[in-house]
Amino acid sequence: MKQQGVHPEGGESTSDAASRPDTTDEAREEVHIDEVEGDEPLLPARVHRPSDLMRLLVGVLAVALLLGIAAFAHGTTSGLEQDINKGTGQAPDLLIKIAGLASSIAILLVPVAFAIERLIKRDGLRIADGVLAAVLAHGVTLATDLWVAKGAPDSIQEALTQPSPGDIHALTDPVHGYLAPVIAYMTAVGMSRRPRWRSVLWIVLLLDAFSMLVTGYTTPFSIILTVLIGWTVAYGTLYAVGSPNVRPTGRTLMAGLRHVGFHPVSAAREEAPDAAESDRGRRYFVTLEDGPPLDVTVVDREQQAQGFFYRAWRNLTLRGFATRSSLQSLRQALEQEALLAYAAIAAGANAPKLIATSELGPDAVMLVYEHTGGRTLDSLADDEITDDLLRNTWHQVQALQSRRIAHRRLAGDAILVDRSGTVILTDLRGGEIAAGDLLLRMDVAQLVTTLGLRVGAERAVASAVGVLGPDAVADCLPMLQPIALTRSTRATLRRLARERAQREREAVLEASQQAKQARLEAAGQGTGPVVLEKPDKKAVRAEARAEKRAIDDALEEAREEDLLTQIRHEVLLIRPQAPVEPARLERVRPKTLMSFIAGAIGAYFLLTQLTHIEFGPLVANAEWGWVAAAVLFSAVSYVAAAMSLLGFVPERVPFPRTVAAQVAGSFVKIVAPAAVGGVALNTRFLQRAGVRPGLAVASVGASQLFGLGCHILMLLSFGYLTGTEKTPSLSPSRTVIAGLLTVAVLVLVVTSVPFLRKFVSTRVRSLFAGVVPRMLDVLQRPQKLITGIGGMLLLTACFVMCLDASIRAFGDESTSLSIASVAVVFLAGNALGSAAPTPGGVGAVEATLTVGLIAVGLPKEVAAPAVLLFRLLTLWLPVLPGWLAFNHLSRKGAL
């Protein structure tokens, strides 16, 4: 059996001779019409469907929401039960008895009847899945009943149970032990996917719920919880053990082709697509007895689900990018691809001609195209991509856009070139008709990037301008950002970026090495005995400046612009007034989502500390003198921050403007994590102040590096002091010892694992390549170093004193803490705030400071308002002055 891929020549394949056999009846009888060429991968017996996982997660969330409503909306649940009891109490007794009898019989007979029907059709695996789901659902119901009876809050117990009609001292079951397993069984065996059985299922469920409610043996919330548990357990079971694989094989394809009127001779499986795009379906090259060959695409339910989570995330996060459902039905997918194929040809574009469609059983469809042949753009050599080929490609896209058709995946493997050089656009399945301007502009941005990866930005832009015109190409500039490109294109751009960064690092290290070697050679040129003399400061400074200049020159020579920047420059040469600001395409950013989740968690822990605190008396009895002191310490901290930055900048930078930049940072850290926003703002400020970009980054890096070292030393020092406060001997805190041991273990792990050792050493070398020369400049000016280190110590002291003053504002002498304890709590909280993904460490810092102060002996009635006052003075109140300072510096060109 031979593996056969796409036919590269675009004409007849080696098996085309089989497509023209003798048409006599005798010859036709000798043809093996079920021959399938190519080693198809062995299909697994079971598959794990993403749709089952999604239904499981939805079920779990629904159960949690139901229990939350029962716990916190007690009045609503009680009113709902009373209304239902009042309405059902008017039902005739005869109707109640008939419904109860019918549901009791049907709830047992319907599953048995369906099982018999499945066994007759030799589908015993589904029955086994259903039985397993029923057993698990029964176990979950028993566990839920036990939890409600023993450990659930009273409100949940009242919502799920009521006094039993037969025994007023007993309660009804929170979950029906027989109904949940039946629901799980019927869901797992797939009864809900069959219309007739689904109707019977719903009738039985409604009759049973009605009879149980009327007779008083259950509550509405109990019924809903029972249904949700059965439904959730069923899909959890299906995802865990997998669903039976019904993916059609090549022989099934041959039978389907004969069913729609073709006479296939053989089918050859093409090479499987990239894993990132594996939802495009399996493709076959089919030869016929009496006609040209065919290209057939088979899409089954499992392949269609490939990439579901990626598409769902794109739909959630991007504006106007995906308008269809993330997980279409097979019928919708078939209709979508057929519609796009007909629309593309009607628009005048070269696209595969669709000649037939059909279902291949209940879980797969096929689309039959005329054979196009040819090779993809990715498989062409660079010298084969001519200017005519580029223009032909743009003409096809222009034809689509003239009819408002968006391709949405103009990657290299979607552009086919046949033997005559004709360009054919394939993979139209993900396209869009009646597309808006946003999608059309994104198509242009995608194609110019795809071509730029092969022929460079200049030729790609020139070919686009020659066909679409300069205005259309200029309009795509705001879309020229990675988030708007396909996944494969983004992966290629990331790979190229890593290669550029590696070349830059190697150039910097090589330049630094050469400078050191030249200095050593210059020092060794003299002859005679070596005389130890005091080094000349001017010579040392000159050598340091020469080494720094050599590193900067090497970095400038090695720096390369990325492809997207090159494309922008080429377009701006043609249309200087073209908009270059990237469009806002993201609806929800990962950073925003992480910030929201982390903030919600922090707020939850903070609110749990505030629920039992009465703030009225605290505010009335607050010491306003200490509040004023806290305000003063908070204001001085900005002066200290300016000192800690300028101490590592040898160049002259105005001090008042630096203080204003630190005030502006109080606004920036609200919209970005503190460890990121402050670094970016200070780097930008130094560049605008006349410091070269590389030196600005090195100065901020040196400041951050020294700040981290001071932070760790102070944390260890104050931690040692807190360990000696209650003991007469000088024994260090156990926490400090545990921290040192943890750091030692981490260092040993990093140094012993080759991958981690290489990862860390590479980044440390790149860091020291820029920071160390900068530190040499600073060390030659002791006053600068004193200013920097003094500013760091003053900054920490201001924050510690502000927190201490906030504590004293709400406490008294009996609740006061030592400065060492307050410093340890602040340093730990500040470290967590810098690591947290939330802007300004919102939530994480408040929770850490509150818990830390309580842990060192401060009552929570004082700790919570003290932390709130501290964060109000250091985070929230400076936002408005920070916004004003940010705008002022921006207008002055300082940011």
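If you're wondering where the values come from, they're calculated on a predicted model, not measured in any experiment.

Visitor: How would you sum up the overall build of the chain? Please name residues and give values.
Guide: In terms of helices and strands, the chain carries 33 helices and 11 strands. Burial status across the chain gives 45% buried among its 895 residues. When contacts within the chain are restricted to residue pairs at least 6 apart in sequence, long-range pairs at least 24 apart make up 77% of them. Of the roughly 45300 Å² of accessible surface on the chain, a fraction of 63% belongs to carbon and sulfur atoms.

Visitor: Quick one: what's the story with the state of the cysteines, residue by residue and with numbers?
Guide: Per the stated rule, a full pass over the model turns up 0 disulfides. Free cysteine C802: the closest other cysteine sulfur is in C798, separated by 8.8 Å.

Visitor: So what's going on with the nonpolar core? Residues and values would help.
Guide: Residues W394 and I567 are the most contacted members of the largest nonpolar core, which totals 54 residues. Of all the elements, helix α15 (residues 437-455) adds the most residues to this core, at 9 residues. Apart from residues lying up to four places away in sequence, W394 is in contact with V444, L447, V448, L451, A460, S463, A464, V467 and L468. Residues A622, C710, F810 and L849 belong to the second largest nonpolar core, which totals 35 residues.

Visitor: Which residues make up the sheet that holds strand β10 (residues 415-417), and what values go with them?
Guide: Taken in spatial order, the 3 strands make up an open sheet running β9-β10-β11, and their pairing is antiparallel. Unpaired on one side and paired on the other, β9 (375-376) and β11 (423-425) mark the two borders of the sheet. As paired strands, β10 and β11 are joined by 3 bridges and run antiparallel to one another. Counted as the bridge partner of I415 is L425 from β11. Together, β10 and β11 form the strand contacts of helix α14 (residues 387-402), whose direction differs from that of β11 by roughly 35 degrees.

Visitor: Quick rundown of the pattern of salt bridges? Include the residues and the values.
Guide: Counting across every chain of the model gives 13 salt bridges. Across the pair D427 and R409 runs a salt bridge, and its minimum N-O distance is 3.3 Å. Within this pair, whereas D427 is found in the loop between β11 and α15, its partner R409 is found in the loop between α14 and β10, the two being separated by 18 residues in sequence. With respect to class, D427 is no different from R409; both count as buried. For D471, the salt bridge goes to R575, with nearest N and O atoms at 2.9 Å. Of this pair, D471 sits in helix α17 (residues 470-475) while R575 is found in the loop between α20 (563-574) and α21 (590-610), placing the two residues 104 residues apart along the sequence. Salt bridges here are not isolated pairs; linked through shared partners, they connect R283, R409, D413 and D427.

Visitor: For helix α13 (residues 330-346), give the residues involved together with the corresponding values.
Guide: The end-to-end C-alpha distance of α13, which contains 17 residues, comes to 24 Å, matching closely the 24 Å that a straight helix rising 1.5 Å per residue would cover. Within α13, the full set of buried residues consists of L330, A333, L334, Q336, E337, A338, L340, A341, A343 and A344. Following α13 by one or two positions, G348 adopts a phi angle in the positive range, close to 95 degrees.

Visitor: Please provide a residue-by-residue account of the packing of aromatic side chains, values included.
Guide: The way to describe two aromatic rings as a pair is by their centre distance and the angle between their planes. A full pass over the atoms with the stated rule returns 4 aromatic pairs. Taking 6.5 Å as the distance between ring centres and 80 degrees as the angle between the ring planes, the aromatic pair formed by F799 and F870 counts as edge-to-face. Linking F799 in helix α29 (residues 782-810) with F870 in helix α32 (residues 860-876), this pair joins segments that are 71 residues apart in sequence. An aromatic cluster is defined as three or more aromatic residues linked by ring pairs; in this entry it consists of F799, F826 and F870.

Visitor: Hey, could you go over helix α31 (residues 844-855) for me, with residue numbers and the actual values?
Guide: Taking 1.5 Å as the rise per residue, α31 with 12 residues should run 16 Å; its terminal C-alpha atoms sit 16 Å apart, in good agreement. All of the buried residues in α31 are A844, V845, E846, A847, L849, T850, G852 and L853. Just downstream of α31 lies G857, where phi reads positive at about 110 degrees.

Visitor: Describe in detail the packing of α31 against α32, supporting the description with residues and values.
Guide: Between α31 and α32, the least distance of the axes is 9 Å, while the angle of their chain directions is 145 degrees. Between α31 and α32 lies a crossing of right-handed hand. On α32, the residues touching V845, E846, L849, T850, L853 and I854 of α31 are K860, A863, A864, V867, F870, R871, L875 and W876. Taken together, the residues that form the contact of α31 with α32 break down as 10 nonpolar, 1 polar and 3 charged.

Visitor: So what about the packing of α29 against α32? Which residues, and what values?
Guide: The interhelical angle for the contact between α29 and α32, taken along N-to-C directions, is 135 degrees, at an axis separation of 8 Å. With respect to their mutual orientation, α29 and α32 come out oblique. The two elements α29 and α32 cross, and the hand of that crossing is right-handed. Residues F799, C802, L803, S806, I807, A809 and F810 of α29 form the contact with α32, whose own contacting residues are V862, P865, A866, L869, F870, L873 and T874. In the contact of α29 with α32, the residues fall into 12 nonpolar, 2 polar and no charged.

Visitor: Summarise a nonpolar patch on the surface; cite the residues concerned and give the values.
Guide: On the surface, a cluster of nonpolar side chains totalling about 300 Å² of accessible area is made up of V112, I116 and I120. In this structure, I120 sits in helix α4 (residues 93-120).

Visitor: Report on unusual backbone geometry, specifying residues and quantitative values.
Guide: One non-glycine residue, R408, lies in positive phi territory at about 70 degrees. For R408, the position within the fold is in the loop between α14 and β10. For D427, which is not glycine, the phi dihedral falls at a positive 55 degrees.

Thresholds, definitions, all that
- Residues numbered from 1 in each chain as written.
- Predicted model: local features only at pLDDT ≥ 70, side-chain atom pairs only at ≥ 80, totals over all residues.
- Heavy atoms only, no water.
- Helix = DSSP H or I, 4+ residues; strand = E, 2+ residues; numbered from the N terminus.
- Buried < 20%, exposed > 50% of the residue type's maximum accessible area, 1.4 Å probe, protein only.
- Contact = heavy atoms within 4.5 Å.
- Areas by Shrake-Rupley, 256 points an atom, 1.4 Å probe, with all protein chains shown as cover.
- Disulfide = S-S within 2.5 Å.
- Core = buried A, V, L, I, M, F, W, Y, C linked by side-chain atoms within 4.5 Å.
- Pairing = 2+ DSSP bridges.
- Axes fitted to C-alpha atoms, helices over the stretch in contact; angles between N-to-C directions.
- Salt bridge = Lys/Arg side-chain N within 4 Å of Asp/Glu carboxyl O.
- Expected span 1.5 Å × (residues − 1).
- Phe/Tyr/Trp six-rings, centres within 6.5 Å; stacked < 30°, edge-to-face > 60°.
- Left-handed = near helix turned anticlockwise from the far one by under 90°.
- Nonpolar A, V, L, I, M, F, W, Y, C, P; charged D, E, K, R; others polar.
- Parallel < 35°, antiparallel > 145°, perpendicular 65-115°, else oblique.
- Patch = residues over 30% accessible without salt bridge, like charges linked within 9 Å, V, L, I, M, F, W, Y side chains within 5 Å.

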